[in-house]
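Chains, contacts and geometry: an overview
Spelled out from the first residue to the last, the chains are:
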Amino acid sequence: MKCLKTLLAALCITFSAGALAQAWPARNITWIVPFAAGGPTDAMARDIADKVSKQMGQVIVIENAAGAGGTIGAAKAARATPDGYTFLVGHMGYMGAGPALYKKLSYDPVKDFDAVFRFPDTPLVLLVGKSSPYKSAADLIAAAKAAPGKVNFSNAGLGSSSHLIAALFEAKAGIDVTQVAYKGAAPAINDLIAGQVDVMFDQSNTALPQVQGGRLTALALTSTSPMPQQYPGVPPLAEKVLPGFEAATWYGLYAPKGVPREVVQKMHQAYLKALGDKEWTRRMGSQGILLLPDASYAPEAFAKHTASEVERWRKVVTDAKIQLD
Ligand code: MLT
């Protein structure tokens, strides 16, 4: 009798998951973005959500759940019902470095999520305000060496990519700066423009209008190659100042663990179809967004990437001595 009940329950779960996936998506879908609106993660998520929702014929709502470097929104997504209606826009910080940065993280990027698809990557750019005395990355390093702790870096929150890349820059350059945390890159960059802070690493695509509009100056790139189309004359940090320095933020979509497989597949397929829009990919490329080979976007490849990044960051965080709790 007990066996029969167990079998019926298993059949019932399989049937309801199958039925749900067939009807999916029957209503609006939510993507949680764990940073303030107007920043790089939000901009990338809105752009991709717009294209994917058109493919699926269903609205994707962006919910900004900002704070603690993305970990608040990620924890919320991990606790959501895995019914295909709530997803997390994840990135390198809280889904890669998070477990190494926080001893007490309430979610596990690998065990508590199913990877859905990876977004394209973006390199970062080292930025200063228009009236900054620093005219190059070398100037900035020299000033920070002369006065430890005096140069302020704004970042999008502790554990965000702007914070992590600045911490790696600090470790690699052998300097000591003060990091000022915000709830996202949008408020952090506003204070950089207003002269409240001295320096910031931001994603090269969303910083571009500020640089082109003359509100900020780009000193260096975290890519190993220059970006002459977007940032003419701006050298990679690796070129002379910090050989071997290379960083780009990776992003992607996750569902709470246990989401029906068909939902993951349909979402991934909708994204691949959207990427077939050459005008869109040309526009992303012209902003310096790094398009990847198709296989990298797949759920399995993205799950492997997440797991390997969690391991990679354990070493990076230990070597750079970044601990947040
Ligand atoms: C980051 O630095 O992690 C992101 O730029 C945060 C954001 O999207 O606001």
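Residues numbered from 1 in each chain as written. Predicted model: local features only at pLDDT ≥ 70, side-chain atom pairs only at ≥ 80, totals over all residues. Heavy atoms only, no water.

**Regarding the pattern of salt bridges**
If you walk through the whole model with that rule in mind, you get 13 salt bridges. Arg-283 serves as the salt-bridge partner of Asp-47, at 3.4 Å between the closest nitrogen and oxygen. A residue pair is termed long-range when its members are at least 10 positions apart, and Asp-47 in helix H2 (residues 40-56) and Arg-283 in helix H10 (residues 278-286) qualify at 236 residues. Between Arg-118 and Asp-121 there is a salt bridge, with its nearest N and O atoms 3.0 Å apart. (Salt bridge = Lys/Arg side-chain N within 4 Å of Asp/Glu carboxyl O. Helix = DSSP H or I, 4+ residues; strand = E, 2+ residues; numbered from the N terminus.)

**Focus on the site of the ligand**
All residues in the neighbourhood of the ligand are listed as Phe-35, Gly-39, Pro-40, Thr-41, His-91, Ala-156, Ser-160, Ser-161, Ser-162, Gly-184, Ala-185 and Gln-203. The side chain of Thr-41 places a nitrogen or oxygen atom 2.6 Å from an oxygen atom of the ligand. Within the contact set of the ligand, an oxygen atom lies 2.7 Å away from a backbone nitrogen or oxygen of Ala-185. When the ligand sits alone it has 270 Å² of accessible area, and the protein chains cover 100% of it. (Near = heavy atom within 4 Å. Polar contact = N/O pair within 3.5 Å; in protein donor to acceptor, adjacent residues only side chain to side chain. Areas by Shrake-Rupley, 256 points an atom, 1.4 Å probe, with all protein chains shown as cover.)

**Remarks on empty space enclosed by the protein**
Tallying each qualifying case throughout the model produces 1 cavity of 30 Å³ or more. Looking at the largest cavity, its volume works out to about 90 Å³. Taken together, 14 residues make up the lining of the largest cavity; nearest its centre are Thr-41, His-91, Ala-156, Ser-161 and Gln-203. Sorting the residues of the lining of the largest cavity by element identifies H2, helix H6 (161-173) and strand S8 (199-203) as the ones contributing at least two each. Partitioned by chemical class, the residues of the lining of the largest cavity number 5 nonpolar, 8 polar and 1 charged. A domain split of the lining of the largest cavity shows at least three residues from each of domain 1 (2-121 + 250-320) and domain 2 (123-248). (1 Å grid on protein atoms, 1.4 Å probe; cavity = no way out; pocket = protein on both sides within 12 Å on 5 of 7 lines; lining within 4 Å. Points joined across faces, edges and corners; volume = space filled by probe spheres on them. Nonpolar A, V, L, I, M, F, W, Y, C, P; charged D, E, K, R; others polar. Domains from an automatic or database assignment.)

**As for the pairing of S8**
Buried residues dominate S8, accounting for 5 of its 5 residues. By the bridge criterion, 5 bridges tie strand S5 (residues 122-129) to S8 in an arrangement that is antiparallel. Residue pairing in the sheet places Val-125 in a bridge with Asp-202 of S8. One ladder, built from 2 bridges, connects strand S6 (residues 152-155) with S8; its direction is parallel. Looking at the pairing, Ser-154 lines up with Met-200 of S8. (Buried < 20%, exposed > 50% of the residue type's maximum accessible area, 1.4 Å probe, protein only. Pairing = 2+ DSSP bridges.)

**Side note on the domain arrangement of the protein chain**
You'll often see interface size given as the accessible area lost when the parts meet. Each domain of the protein chain was delimited in the assignment, giving domain 1 (2-121 + 250-320) and domain 2 (123-248). For domain 1 and domain 2, the distance between their C-alpha centroids amounts to 28 Å. It is Pro-40, Met-92 and Gln-287 that lose the most area in domain 1 upon contact with domain 2, and together they represent 23% of the buried surface on that side. Between the two partners, domain 1 and domain 2, sit 0 salt bridges. Our count for the domain 1 to domain 2 interface comes out at 4 residue pairs in polar contact (both at pLDDT 80 or more). Looking at the side of domain 1 that touches domain 2, the elements that each hand over two or more residues are H2, helix H4 (92-101), H10 and helix H11 (299-320). Considering each element in turn, the side of domain 1 that touches domain 2 owes the most residues, 5 residues, to H4. Residue composition of the side of domain 1 that touches domain 2, by class: 19 nonpolar, 10 polar and 1 charged. (Buried area = accessible area lost by both parts, 1.4 Å probe.)

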